[in-house]
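The residues making up each chain are set out below.
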Amino acid sequence: MDSSAERVAALLLAFADKGADGDHKVSELARAVGRERSQVSRMLHALQRSGLVEQDEETRRYRLGWPLLVLASGAGDTALLRAARPVLRKVVAHTGEVALLSVQQGNRSLTVLREESAQSLRAGGWVGRSSPMHCTASGRALLFDSDDQLVDALTADDLLAPAHGLTGPRTLDELLARLRTERQRGYSLASEEVEIGLTSVGIPVREPAGDLVAVLNISGPTSRMIPRIDDIARRLRAAAGGLEAALAHPLRSGTR
């Protein structure tokens, strides 16, 4: 049986899964966490008293409160986030597609930054959303430095999940074969592995010591992405190099 703290954590994470920057109905959040509407409503009232969530008086929808957003602003690697934002904006300006920054959290790829253009799909990962590592461009790029045993440990549970007829790898051997190809060419490519009509490219970002710290990702409609894969990968590679330079020389780049 899960604890009260785990139930509250699941509810707060549901805001991120549904778009942390939006307002949400109680019924939507209840479905997201798989609990009764009345139970979720009581939890939201408790969170509202602490200021962690706010309720719009007219629509009765809930959104994350300022105290929680202020706390979140200090989470993670702030130097990485600060250096990555202008890099993502430049990539979006050149490609017209969604640009993401993702990091590894346990056995998941976690989106920590997102920039989008006027023509970009509302897809490819909200900030705060986590995704399996075996069937996403960000996830597989995060696995580039992992040996076969670690890849197995990080993806075993997800590889057992139903594939829903999409094109992601379904066995460890298939996954390792894709990783070998992607490591050799320097970028990951996931075309319609998570969502029909969506293609993504991922490039690793490394700290000065050489450790893989994050992944830059471009996601967009397959019809627009596939003819431009080489160009998108080239632009992402240049962007990753720029971000790595900013991390190596934070004072010069203005990152603190």
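A quick note: this is a predicted structure, and the numbers were derived from the prediction, not measured.

Chemist: I'd like to hear about the side chain of Ser138, residue by residue, with values.
Modeler: For Ser138, the location among the structural elements is in helix H6 (residues 137-142). You can call Ser138 buried: its relative accessible area is 5%. At 3.4 Å, the side chain of Ser138 forms a polar contact with the side chain of Ser102. Every residue in contact with Ser138, bar those within four places of it in the chain, is listed here: Ser102, Ser109, Ser188, Val215 and Asn217.

Chemist: Help me get a handle on the pairing of strand E8 (residues 212-221), residues and values and all.
Modeler: Counting buried positions along E8 gives nine out of 10 residues, so the element sits mostly inside the fold. The sheet contact formed by strand E3 (residues 98-105) and E8 spans five bridges and is antiparallel. The residue of E8 that forms the bridge with Leu100 is Asn217. Relative to E8, strand E7 (residues 198-206) runs antiparallel, the two being bridged by nine bridges. When the sheet's bridge partners are listed, Thr199 is paired in E8 with Gly220. Here E7 hands over to E8 after five residues, with Gly210 in that stretch at a positive phi of 100 degrees.

Chemist: Tell me about helix H8 (residues 172-185), and name the residues and values.
Modeler: For H8, built from 14 residues, the straight-helix expectation of 20 Å at 1.5 Å per residue is met to within 8% by its first-to-last C-alpha distance of 20 Å. Leu175, Leu176, Leu179 and Glu182 are the residues of H8 that are buried. Along the axis of H8, the buried residues cluster in a sector spanning 130 degrees; they form a single face. Away from its buried face by more than 90 degrees, H8 exposes Asp173, Arg180 and Gln184. Count one or two residues on from H8 and you reach Gly186, which has phi positive near 95 degrees.

Procedures and definitions
Residues numbered from 1 in each chain as written. Predicted model: local features only at pLDDT ≥ 70, side-chain atom pairs only at ≥ 80, totals over all residues. Heavy atoms only, no water. Helix = DSSP H or I, 4+ residues; strand = E, 2+ residues; numbered from the N terminus. Buried < 20%, exposed > 50% of the residue type's maximum accessible area, 1.4 Å probe, protein only. Polar contact = N/O pair within 3.5 Å; in protein donor to acceptor, adjacent residues only side chain to side chain. Contact = heavy atoms within 4.5 Å. Pairing = 2+ DSSP bridges. Expected span 1.5 Å × (residues − 1). Arc of directions from axis to C-beta.

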